[in-house]
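Chain residues, written in single-letter form:
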Amino acid sequence: MRKIVVGIALLLCAMAGFAADATTPEINAPNNGSDWTKLSSTEKLFWSIGYSQGYAEALGKIDVASGPTSPCASLAARTERQTSTAGKVTGFELVSGLEKFYADAANAQIPIGNAIRIYLLQASGKDQTTIQELIETARALGARPVAKQ
């Protein structure tokens, strides 16, 4: 009887482990619009929130590594003000903006980081000529083959 109880307990633990693996999504960072469109709406939202938090956290760590009054810290602060999504758009807005941006098939190969910066500039009201130049440059860069190391 004791062996049966132990066997059932082991079976239940194994089933719980497999169930946890099945419900935890594995989100690989999208490289460009082609990868972005393959994600589910939930994965897109989780990824965009994680991107925003990670970006802000990385810029904050520059302070710790180089000191709060260093040139690196002032560069990080300026970069954060200009390019961070934190406090500027919500995760839903970022997902919606990227969906609209990547709806144009010509933008499919633009790297996701460039697309986010372009979207933030659009959302902040930057002039359309500058944005179009950035899009054209990003398209050219996205079309280049990635060098293998």
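First things first, this report covers the structure right here in the doc. Keep in mind the model is a prediction, meaning the values are calculated, not measured. (Residues numbered from 1 in each chain as written. Predicted model: local features only at pLDDT ≥ 70, side-chain atom pairs only at ≥ 80, totals over all residues. Heavy atoms only, no water.)

**Let's talk about the side chain of Ser48**
Spelled out, the test is: Each helix is a run of DSSP H or I of at least 4 residues and each strand a run of E of at least 2, with the numbering of both proceeding from the N terminus. Nitrogen and oxygen atoms within 3.5 Å of one another constitute a polar contact, given that in protein one can donate a hydrogen and the other can accept it, and given that sequence-neighbouring residues count only through two side-chain atoms. Residues count as neighbours in contact if any of their non-hydrogen atoms are within 4.5 Å of one another.
Inspection of the secondary structure puts Ser48 in helix α3 (residues 41-66). Within polar-contact distance, the side chain of Ser48 engages the backbone oxygen of Leu45 at 2.9 Å. Look past the residues within four positions of Ser48 in its chain and what remains in contact with it is Gly91, Leu94 and Val95.

**Structural notes on the pattern of salt bridges**
Worth spelling out the cut-off: The working definition used for a salt bridge is a side-chain nitrogen of Lys or Arg within 4 Å of a carboxyl oxygen of Asp or Glu. For every residue, the accessible area obtained with a 1.4 Å probe (protein chains only) is divided by the maximum for its type, and the residue is called buried under 20%, exposed over 50%, and partly exposed between those limits.
Within the structure shown, the criterion is met by three salt bridges. For the salt bridge of Glu99 with Lys44, the shortest nitrogen-to-oxygen distance reads 2.5 Å. Taken together, the residues Glu99 in helix α5 (residues 91-103) and Lys44 in helix α3 connect sequence positions 55 residues apart. You can call Lys44 buried: its relative accessible area is 8%. Residues participating in the shared-partner salt-bridge network are Asp104, Glu136 and Arg139.

**What to know about the nonpolar core**
Stated formally: The term nonpolar core refers to a set of buried residues drawn from Ala, Val, Leu, Ile, Met, Phe, Trp, Tyr and Cys, joined through side-chain atoms within 4.5 Å.
Trp36, Leu98, Phe101, Tyr102, Ile110, Ile112 and Ile116 are the most contacted members of the largest nonpolar core, which has 20 residues in total. Elements that contribute at least two residues to this core include exactly α3, α5, α6 (112-123) and α7 (128-143). For this core, the element with the highest residue contribution is α6, accounting for six residues.

**Some points on the packing of aromatic side chains**
Note the threshold: Aromatic rings from Phe, Tyr and Trp, taking only the six-membered ring of Trp, are treated as a pair when their centres fall within 6.5 Å; an angle between ring planes under 30 degrees marks them as stacked, one over 60 as edge-to-face, and anything in between as tilted.
All chains considered together, the criterion is met by three aromatic pairs. Ring centres 5.9 Å apart and planes at 75 degrees place the aromatic pair Trp36 and Trp47 in the edge-to-face group. Of the two residues, Trp36 is situated in helix α2 (residues 33-36) and Trp47 in helix α3; the sequence distance between them amounts to 11 residues. Both residues of the pair, Trp36 and Trp47, belong to the buried class. Measuring from centroid to centroid gives 5.3 Å for Phe101 and Tyr102, while their planes differ by 75 degrees, and the two rings are edge-to-face. Of the two residues examined, Phe101 and Tyr102, each falls in the buried class.

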